[in-house]
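Each chain is listed here by its residues.
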Amino acid sequence: MSEKKNQAYDPTQQDEVLDDMFEDYFLEYASYVILERAVPASEDGLKPVQRRLMHALKEMDDGRFNKVANVIGATMQYHPHGDASIGDAMVTIGQKELLLDIQGNWGDVRTGDSAAAPRYIEVRLSKFANEVLFNEDTTEWQMSYDGRKREPVTLPSKFPLLLEMGVEGIAVGLSTKMMPHNFIEICEACIKHLKGNRFTLYPDFMTGGIMDVSNYNDGARGGKIKVRAKISEVDKKTLRISEIPYGTTTGGLIDSIIKANDRGKIKIKKVEDNTAKDVEILVHLGTNTSPDITIDALYAFTYCEVSVSPNAVVIRDDKPHFVSVSDILKDSTEQTKHLLKRELEIKKFELMEKLLYSSLEKIFIENRIYRDIEECETFEAVIETIDKGLEPFKKDFYREIGREDILRLTEIRIKRISKYDSFKADELMKKLEENLKEVNHNLENLTDYAIAFFERLKEKYGPGRERKTEILEFEEVSATVVAANNQKLYVDRANGFVGYGIKKDEYIMDCSDIDDIIVFRKDGTYSVSKIQEKNFVGKDILHCSVFRKNDERRIYNVIYLDGKSGKTYAKRFNVTSITRDKEYTVTKGTPKSKLLYFSDNENGEAEIVTISLTAASTAKKKQFDYDFSELLIKGRSAQGNVVTKYPVRKVALKSAGKSTLGGVDIWYTPALGRLNRDEHGDYLGNFEAEDKVLVIYKTGEYELTNFELTNHYEARQVMYITKYEEEGIISAIYYDGDSRIFYVKRFVIETSTMDKRFAFLTDHHRTELLGISYDALPRAELKVKKDRKSAVQKKEFDIAELVGVKGWKALGNKLPFMKVSGVKWLEPGIPETSEDEEADEDIDPNDDDPQNVNEVTDTSEDIVAEDEENESDAETKEEVKSPVQAPPKTEVKKTETEKPKKEDKGSDKSQLGLF
């Protein structure tokens, strides 16, 4: 004791002890949280608390419902998890209605409503859980925390529960997040794996919605999915949300919409929650608000679109492992196959034992061995006598007959011996042999047996579990494009400030608070910066506006003076993508360079300007016109073409020009119901500014829209979509629900109202549109029945011969058939050419023809050529010639899915129609 008192205190030694304790205790705690709380086991897909409550339910199972409060108490016998954690885990499992049959108010995952108190709600194991999750003989057991009860190490699951239910958990330095998948698709994937075929699994959510799985990465770490609410247009002032994304609730979704409106990202009047049995959230739009743009804005600024990053982590061999969905399914399927094999082997052993005992019993009774033991005086003598009587038959048994087998024979009562029926015994043994034969067959064909097992699960429990979440590929929504204009852009040109807070200065345009602003200054420099309340961008601002990235149709026309050479240049260019807050220059960047003329053209217009030279210049012609349409559009760093070498006094606009970019090629993506310029889907045509899109819906309505890429079309309802032609004739074959007669009609569009549907069929609920064509002379093959007794026939018709062009509200002509079961459009007829029509037109070789495009030269140099005959300029020689920037409208870049543009009305446009 005295030695300890004399020892000096060593702080270094004490710190090392504390470090060791902290390291050990922390590792133990982290391991406990990972293994015993947060991460599921790969064998059954359950966390420990879930496994224990399922085991408690099995122990309590008598076919009747149990109060959840009682189940919580029974679960705590195996581990003191706590009332709340056990109750929450049970509600999470119960809401999926797969493993548990529930009764009472168990809450709603869509609205976020919580379940009633545990004393009010009831639960029991489902038939599915009893079939796939419990087997006393194949379960590995361990003692509970206090040694009073035994509990399963893992439950022998014969189904990938982890994939069907999904799981989330946060441990120490580790988290897991696995999406729920569709029950039917899981069964089908298991069958494909057993057959050696490839499979693909994607999530499926109870809340429905639309999902983009292009970056799912098989559910492994690093993947991502995007989930959207299902939004439809009720009318031009109302949107309906009928399904919500995974992980959100109706209340949270509505709050995010209100916050986006308060921040000015969207413009709405109010939000109405009519959710009851089905989700219904009505969004009432503000005045002059586009429904299509608002839908995109809801996806961009609210919880109508969420991104989810899966991170599949499971416990294997008492260690966490990062896996993929395919790995989980393959392991679970192989485990199911192994468990089925073990069950068959156990059943085989039981059948063989039953057969053995039945044979022993038959021999014992029919050979009257029981009479030989009457004279035995001791029990051992009885055993020996029976064993001696069985000796001749022992060679027929599959194993040796032991003492325990003989003891069972001694327990047969006299009453059973007296009533023994040899025929019934043989029948029983025959049935056991048939069962044994079937078991042996299943063991020999284990894979087929496992396939049949999953097919039975699918057939028995699959109905009602069809996919709820629709799989589509989304287009990325640009927040700057769909953001509502909640600010106004002002500019202080002299002092060099732009922003939405300097309201006393010059108003430029409406904008949003997330826009980028491009600014051009008189010295020829320009830059792009984020909009702010007040931002200094440089003095002498010439032009500023909202900058749209990748906008190739916005063309800047510029005339500038090069400060070094004194020459004046003209150039046309676009700015599609530059570094924010970095300064660029329109000119060559030499000192004293400046802009003499600048114009911003949204659709590539090319104007004509008048250039006036100084009075002191030696040029003979001191004023001339310059046409920007003769300039080629080049990159922003190009120097441009020389206009003149003489000093310029001023440049003035003479006349506005037209676009030199030609029309825009538009495609339609049927799966998304969206237009695009990326050559995806069906080619609709080349669109000029005044052109329209014609949409015909399966409901018997048509609609004219513009070709803005923000347009939304109900993809499932669209039957036909094309470029609208004023003289185009619509041919429709339909069934009229009122008269129950099949009709054919032809009509032209007589309405001019945009973005409004017009019904050209009756509104009876049985009315059905069978086929649509937009050809001038359509031909169709109809599958028809003349009467009930006749067989289905195929007949070809020229539609123009069946009916003439009538009003769009006319019924049309009756078809003389009892039933039309199918419409197939054929190659259309060729219109007759008028004799007075000229075969060919003379082509002007100087016209803007693509074959002569390189022969058109810039004439600006000729204006001053009289005074420059003996001068040579390398830059002028290099850039004086420029092709006309006006590509022919008929040249369309083709892709595999492209529909070539047809100029004549006899073109085959019916290929986009569905029937």
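Structure first, text after, so check above.
Residues numbered from 1 in each chain as written. Predicted model: local features only at pLDDT ≥ 70, side-chain atom pairs only at ≥ 80, totals over all residues. Heavy atoms only, no water.

## Topic: the overall build of the protein
Here comes step 1: Each helix and strand counted, the protein has 20 helices and 48 strands in total.
Here comes step 2: Across the 915 residues that make up the protein, the buried fraction comes to 46%.
Here comes step 3: A separation threshold of at least 6 residues defines the contact pool for the protein, and within that pool the share at least 24 residues apart is 69%.
Here comes step 4: Only carbon and sulfur atoms are counted for the fraction: they give 46% of the accessible area of the protein, which is about 48,800 Å². (Helix = DSSP H or I, 4+ residues; strand = E, 2+ residues; numbered from the N terminus. Buried < 20%, exposed > 50% of the residue type's maximum accessible area, 1.4 Å probe, protein only. Contact = heavy atoms within 4.5 Å. Areas by Shrake-Rupley, 256 points an atom, 1.4 Å probe, with all protein chains shown as cover.)

## Structural notes on the packing of helix 8 (residues 183-194) against helix 17 (residues 446-461)
Here comes step 1: The geometry of helix 8 relative to helix 17 is characterised by a closest axis approach of 9 Å and an angle of 170° between their N-to-C directions. One way to sum up the angle between helix 8 and helix 17 is to call them roughly antiparallel. For helix 8 against helix 17, the interelement crossing comes out left-handed. Between helix 8 and helix 17, the residues in contact are Phe183, Ile184, Cys187, Glu188, Cys190, Ile191 and Leu194 and Thr447, Ala450, Ile451, Phe454, Glu455, Leu457, Lys458 and Tyr461, respectively. (Axes fitted to C-alpha atoms, helices over the stretch in contact; angles between N-to-C directions. Parallel < 35°, antiparallel > 145°, perpendicular 65-115°, else oblique. Left-handed = near helix turned anticlockwise from the far one by under 90°.)

## Description of the side chain of Gln50
Here comes step 1: Within the secondary structure layout, Gln50 lies in helix 3 (residues 48-60).
Here comes step 2: Not counting residues within four places of it along the chain, the set of residues in contact with Gln50 comprises Gly45, Ala89 and Ile93.

## Remarks on the sheet that holds strand 45 (residues 793-798)
What links the strands of a sheet is backbone hydrogen bonding, and the strands pair in either a parallel or an antiparallel sense.
Here comes step 1: The strand order across the open sheet built from three strands is 45-44-48, with neighbouring strands paired in antiparallel fashion. Two strands bound the open sheet, and with one partner strand each, they are strand 45 and strand 48 (819-826). Adjacent strand axes in the sheet meet at a mean angle of 25°, parallel and antiparallel pairs treated alike. (Pairing = 2+ DSSP bridges.)

## Overview of the nonpolar core
Here comes step 1: The biggest cluster of nonpolar side chains holds 66 residues, and the ones touching the most others in it are Met54, Met90, Leu99, Phe128 and Phe159.
Here comes step 2: Apart from the residues within four sequence positions on either side, Leu99 is in contact with Met54, Ile93, Arg124, Leu125, Ser126, Phe128, Ala129, Leu133, Leu161 and Met165.
Here comes step 3: The next biggest cluster of nonpolar side chains, apart from the first, holds 24 residues, and it includes Ala229, Leu285, Leu298 and Tyr299. (Core = buried A, V, L, I, M, F, W, Y, C linked by side-chain atoms within 4.5 Å.)

## Considering the sheet that holds strand 36 (residues 682-687)
Here comes step 1: Spatial ordering of the open sheet is given by 35-34-36, a layout of three strands whose pairing is antiparallel. Unpaired on one side and paired on the other, strand 35 (674-676) and strand 36 mark the two borders of the sheet. The mean inter-strand angle of the sheet, taken between neighbouring strand axes irrespective of direction, is 30°.
Here comes step 2: In this sheet, strand 36 lies alongside strand 34 (residues 664-669) in antiparallel orientation, the contact comprising five bridges. Across the sheet, Asp665 pairs through a bridge with Asn686, a residue of strand 36.

## Here's the deal with the layout of surface pockets
Here comes step 1: For the second largest pocket, the calculated volume is near 1,200 Å³.
Here comes step 2: For the lining of the second largest pocket, the secondary structure elements donating two or more residues are strand 10 (230-235), helix 10 (291-301) and strand 38 (701-705).
Here comes step 3: The element best represented in the lining of the second largest pocket is strand 10, accounting for six residues.
Here comes step 4: Looking at the lining of the second largest pocket residue by residue, the classes come out as 15 nonpolar, 13 polar and 19 charged. (1 Å grid on protein atoms, 1.4 Å probe; cavity = no way out; pocket = protein on both sides within 12 Å on 5 of 7 lines; lining within 4 Å. Points joined across faces, edges and corners; volume = space filled by probe spheres on them. Nonpolar A, V, L, I, M, F, W, Y, C, P; charged D, E, K, R; others polar.)

## Points about helix 3
Here comes step 1: Spanning 13 residues, helix 3 covers 18 Å between terminal C-alpha atoms, matching the ideal 18 Å at 1.5 Å per step.
Here comes step 2: For helix 3, the buried fraction is high: ten of the 13 residues fall into the buried class.
Here comes step 3: Regarding helix 3, the residues found buried are Pro48, Val49, Gln50, Arg51, Arg52, Leu53, Met54, His55, Ala56 and Leu57. (Expected span 1.5 Å × (residues − 1).)

## Some details on the pairing of strand 15 (residues 313-316)
Here comes step 1: Note: strand 15 against strand 16 (residues 319-322), four bridges, orientation antiparallel. Counted as the bridge partner of Arg316 is Lys319 from strand 16.
Here comes step 2: Two successive antiparallel strands, strand 15 and strand 16, enclose a turn made up of two residues, where Asp317 displays a positive phi of approximately 55°.

## Description of the pattern of salt bridges
Here comes step 1: All told, the structure shown has 40 salt bridges when counted by the stated rule.
Here comes step 2: One salt bridge in this structure joins Asp204 and Arg467, with 3.7 Å as the shortest N-O distance. With Asp204 in the loop between helix 8 and strand 8 (210-212) and Arg467 in the loop between helix 17 and strand 17 (470-471), this residue pair connects regions lying 263 residues apart in the sequence.
Here comes step 3: A residue is classified by how much of its surface remains accessible, and Arg467, at 26% relative accessible area, is partly exposed.
Here comes step 4: Glu703 is paired through a salt bridge with Lys236; the nearest N and O atoms lie 3.6 Å apart. In this pair, Glu703 is assigned in strand 38 and Lys236 in the loop between strand 10 and strand 11 (238-243), connecting sequence segments 467 residues apart.
Here comes step 5: A residue is classified by how much of its surface remains accessible, and Glu703, at 7% relative accessible area, is buried.
Here comes step 6: Ionic contacts of the salt-bridge type, sharing partners, join the residues Lys230, Glu243, Glu470 and Arg716 into one network. (Salt bridge = Lys/Arg side-chain N within 4 Å of Asp/Glu carboxyl O.)

## Observations regarding the pairing of strand 22 (residues 525-530)
Here comes step 1: For strand 22, the tally of buried residues reaches five of six residues, placing the bulk of the element in the interior.
Here comes step 2: Hairpin connection from strand 21 (residues 516-521) to strand 22: three residues lie between these consecutive antiparallel strands, with Gly524 at a positive phi of about 90°.
Here comes step 3: Here strand 22 pairs with strand 27 (residues 584-585) via two bridges, running antiparallel. Bridge pairing links Tyr526 to Tyr584 in strand 27.

## Some details on helix 8
Here comes step 1: An ideal rise of 1.5 Å per residue puts 16 Å on twelve residues; helix 8 measures up with 17 Å between its terminal C-alpha atoms.
Here comes step 2: The buried fraction of helix 8 amounts to nine of the twelve residues, a majority that puts the element mostly inside the structure.
Here comes step 3: Those residues of helix 8 lying buried are Phe183, Ile184, Ile186, Cys187, Ala189, Cys190, Ile191, His193 and Leu194.
Here comes step 4: The inward-facing, buried residues of helix 8 contact helix 6 (127-132), helix 7 (161-165), helix 11 (325-366) and helix 17.
Here comes step 5: Put simply, Asn182 is the residue that caps the front of helix 8, since its side-chain oxygen is 3.1 Å from the backbone nitrogen of Ile184.
Here comes step 6: Positioned one or two residues after helix 8, Gly196 has a phi angle of 85°, which is positive. (Polar contact = N/O pair within 3.5 Å; in protein donor to acceptor, adjacent residues only side chain to side chain.)

## Quick notes on the packing of helix 4 (residues 68-75) against helix 5 (residues 83-94)
Each packed pair of helices is defined by two parameters, the angle between the axes and the distance between the axes.
Here comes step 1: Two elements in contact, helix 4 and helix 5, have axes separated by 10 Å at closest approach and are oriented at 120°. Classified by the interaxial angle, the pair formed by helix 4 and helix 5 is oblique. Crossing handedness for the pair helix 4 and helix 5: right-handed. Seen from helix 4, the contacting residues are Val68, Val71, Ile72 and Thr75; seen from helix 5, they are Asp83, Ile86, Gly87 and Met90.
Here comes step 2: Partitioning the contact of helix 4 with helix 5 into residue classes produces five nonpolar, two polar and one charged.

## Some thoughts on the packing of aromatic side chains
Here comes step 1: Scanning the entire structure with this criterion turns up 32 aromatic pairs.
Here comes step 2: Geometrically, the ring pair formed by Phe205 and Tyr246 is stacked, given 4.3 Å between the ring centres and 20° between the ring planes. Remark: Tyr246 occurs in the loop between strand 11 and helix 9 (250-262) and Phe205 occurs in the loop between helix 8 and strand 8; sequence separation between them is 41 residues.
Here comes step 3: Aromatic pair Tyr702 and Phe758: ring centres 5.6 Å apart, planes at 25°, arrangement stacked. With Tyr702 in strand 38 and Phe758 in strand 42 (residues 758-759), this pair connects stretches of sequence that are 56 residues apart.
Here comes step 4: A relative accessible area of 13% means that Phe758 is categorised as buried.
Here comes step 5: An aromatic cluster of three or more residues is present, and its members are Phe520, Tyr526, Tyr556, Phe573, Tyr584 and Phe598.
Here comes step 6: Over the ring of Tyr299 we find Arg228; its NZ or CZ atom is 4.3 Å from the centre of that ring. (Phe/Tyr/Trp six-rings, centres within 6.5 Å; stacked < 30°, edge-to-face > 60°. Lys NZ or Arg CZ within 6 Å of the ring centre and 35° of its normal.)

The values reported here are purely geometric and, on their own, carry no functional implication.
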